[in-house]
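Coordinates in review
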Amino acid sequence: MSSREGSPPRIHPSDATPSTRVIFALPGAFTPTCSDYHLPSYEDSYDKIQKYGVDDIFCLSVNDSFVQNVWKKNSNVKKVKFIPDGNADFTKEMNMLTDRSESGMGMRSFRYSMYVDNKKIIKIFKDENGKFDVSDAGTMINFLKSLNA
């Protein structure tokens, strides 16, 4: 974890202490699908997901911390935590960087979600560019149910 004077702390997913968490990544703050569906699906399902032993849920996007903080405030999110990846460093490490220049967005993250247990990625659900069909909270809940079956 690091921060510059005057800026919010930057959190890298590997900085966290060992625990069970869900991280979902999306192309960008304030984009329609991200704001209208992806982020709200995890905020609304936060308590249900925690019932399956998940300690925290994080939203990661290739945006700086200032943009993410305004997006969080405007979205009225209280439970999901945010991880800014302004330089796309983590996204590159995950091999999840995609060129969205044709839609004017530049380099962004693929839309995906992952279940992480004690710093080990157990499962990743990755959507194809422009799609939102497997990285949603419902898919993650179904996966968590299967672990407890």
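Above this text is the structure in question.
The notes below deal with the structure included here. (Residues numbered from 1 in each chain as written. Predicted model: local features only at pLDDT ≥ 70, side-chain atom pairs only at ≥ 80, totals over all residues. Heavy atoms only, no water.)

Right, let's talk about the overall build of the chain for a bit. Each helix and strand counted, the chain has five helices and seven strands in total. When its helices and strands are written in sequence order, the chain yields β-α-α-β-α-β-α-β-β-β-β-α. By the burial criterion, 46% of the 149 residues in the chain qualify as buried. Long-range contacts, defined as pairs at least 24 residues apart, comprise 60% of the intrachain contacts of the chain with a sequence gap of at least 6. Accessible surface for the chain amounts to roughly 8000 Å². Of this, 47% is attributable to carbon and sulfur atoms. (Helix = DSSP H or I, 4+ residues; strand = E, 2+ residues; numbered from the N terminus. Buried < 20%, exposed > 50% of the residue type's maximum accessible area, 1.4 Å probe, protein only. Contact = heavy atoms within 4.5 Å. Areas by Shrake-Rupley, 256 points an atom, 1.4 Å probe, with all protein chains shown as cover.)

On the secondary structure map, S109 appears in strand β5 (residues 107-109). Residue classification places S109 among the buried positions, given a relative accessible area of 0%. Residues within four places of S109 in sequence aside, it is in contact with A25, L26, P27, V62, T91, M96 and T98.

In a disulfide, the sulfur atoms of two cysteines are covalently bonded to one another. For the coordinates displayed, the defined rule picks out zero disulfides. Not part of a disulfide, C34 finds its nearest cysteine sulfur in C59, a span of 7.7 Å. The exposure class of C59 is buried, given its relative accessible area of 0%. (Disulfide = S-S within 2.5 Å.)

On to the packing of aromatic side chains. Evaluated as defined, the whole model comprises five aromatic pairs. Seen from their ring centres, F30 and W71 are 6.4 Å apart, and the 50° between their planes marks the pair as tilted. Taken together, the residues F30 in the loop between β1 (20-26) and α1 (32-44) and W71 in helix α3 (residues 65-75) connect sequence positions 41 residues apart. Relative accessible area serves as the criterion here: at 43%, F30 is assigned to the partly exposed category. Between F125 and F143 the ring centres are 5.7 Å apart and the planes differ by 75°, which places this aromatic pair in the edge-to-face class. (Phe/Tyr/Trp six-rings, centres within 6.5 Å; stacked < 30°, edge-to-face > 60°.)

So, on to the pairing of β1. In terms of burial, β1 is largely enclosed, as seven of its seven residues are buried. A two-sided burial pattern is seen for β1, the buried positions comprising T20, V22, F24 and L26 on one face and R21, I23 and A25 on the other. Two elements, β1 and strand β6 (residues 112-117), share six bridges in a ladder whose sense is antiparallel. Looking across to β6, one finds that I23 is bridged to M114. Pairing geometry for β1 and strand β2 (residues 56-61), over six bridges, is parallel. Looking at the pairing, R21 lines up with D56 of β2. (Pairing = 2+ DSSP bridges.)

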